Amino acid sequence: MDRKQAEKERPRYAIMGGTFDPIHFGHLAAAETVREVLQCEKVIFIPSGNPPHKTNRVLTQAQRRYAMTVAAIENNPYFEVSDIEIYRNGYTYTLDTFNELEAYFENKVELLFITGADALLEVETWYKAEELLKRCSFAAVTRPGYDKSKLEQKLHELQSKYGSSLFIVDVPGLNISSTDIRDRIKRGSSIKYLVPESIEQYI
Ligand code: ATP
Ligand code: MG
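Residues numbered from 1 in each chain as written. Chains lettered and ligands numbered in written order. Predicted model: local features only at pLDDT ≥ 70, side-chain atom pairs only at ≥ 80, totals over all residues. Heavy atoms only, no water.

### Considerations on the nonpolar core
- Within the largest apolar cluster, 29 residues are counted, with the highest numbers of intra-cluster contacts made by V34, V43, F45 and I114.
- Counting residues per element, the ones that place at least two in this core are strand 1 (12–18), helix 2 (25–37), strand 2 (42–47), helix 3 (62–73), strand 3 (79–81), strand 4 (110–116) and strand 5 (137–141).
- Per-element accounting of this core gives the leading share, 4 residues, to helix 2.
- Every residue in contact with V34, bar those within four places of it in the chain, is listed here: Q39, C40, L112, I114, A139, V141 and V169.
- Ranked by size, the runner-up nonpolar core spans 25 residues in total, among them L101, L132, F138 and A140. (Core = buried A, V, L, I, M, F, W, Y, C linked by side-chain atoms within 4.5 Å. Buried < 20%, exposed > 50% of the residue type's maximum accessible area, 1.4 Å probe, protein only. Helix = DSSP H or I, 4+ residues; strand = E, 2+ residues; numbered from the N terminus. Contact = heavy atoms within 4.5 Å.)

This is the structure we're talking about:
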């Protein structure tokens, strides 16, 4: 049985990583769409600890971002949250998370990483990207402001370079970002309908 065939036999769990500072409907809609389109048994949200690419600003405390993520997914039975990255010392790398999850699930599930278009376009700058791209599957979701044709081009490039298992998933375009939400909060503007009510209250 080759790898692709073997993948089909195992249940698929999607991993939604992010800083979630704060989590918003863009994240939730992307996760739900991937779950349905790519038939994932569940989606595990993994708030990052100390991501190497976000050293330019002070992040909200990991425990708070984790707590908001827990609150945001509460009414979706397919969604879970993991704290494996927030308690890791030093920088957190996706490859370490992948290895930890593979060991935890004893290789019995196929792990599929959900990344937004912006994230997939720069995935080759990630820690040990080649190994990561060879070993795990990715679902790249469309995101307003990022050209889908560039995403397709990247997908073909990564497939031929690393034999990666990649999918592009069209999600309803929600032009929401945590950066914009943080700016609104600073200005005292409303964040209603951009984040779940529980997050609005938490903030
Ligand atoms: P920030 O502005 O702080 O970077 P963000 O809104 O981009 O926040 P992240 O926590 O950086 O949120 O994103 C986690 C993952 O979710 C990334 O893969 C990102 O591309 C994806 N993502 C975030 N917002 C959207 C959106 N509106 N539509 C599709 N994907 C998204
Ligand atoms: Mg981002």
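### Here's the deal with the environment of C136
- Within the fold, C136 resides in the loop between helix 6 (129–135) and strand 5.
- As a C-alpha pair, C136 and K150 span 14 residues in sequence and 21 Å in three-dimensional space.
- Setting aside chain neighbours within four positions, we find C136 in contact with F98, L111, F113 and S165.

### Thoughts on helix 2
- In a regular helix each residue adds 1.5 Å, so 13 residues correspond to 18 Å; helix 2 covers 18 Å between its end C-alpha atoms and thus fits that length.
- Buried within helix 2 are the following residues: G26, H27, L28, A29, A30, A31, T33, V34 and R35.
- Looking at the residues trailing helix 2, positive phi occurs at Q39, about 50 degrees. (Expected span 1.5 Å × (residues − 1).)

### Overview of unusual backbone geometry
- Of the consecutive residues D21 and P22, the connecting peptide bond is found in the cis state with omega at 0 degrees.
- Structurally, P22 is set in the loop between strand 1 and helix 2.
- At F20, a position not held by glycine, the phi torsion is positive, near 50 degrees.
- Relative to the assigned elements, F20 resides in the loop between strand 1 and helix 2.
- Although it is not a glycine, Y193 adopts a positive phi angle of roughly 70 degrees.
- Along the polypeptide, Y193 turns up in the loop between helix 8 (178–187) and helix 9 (197–202).
- The exposure class of Y193 is exposed, given its relative accessible area of 68%.

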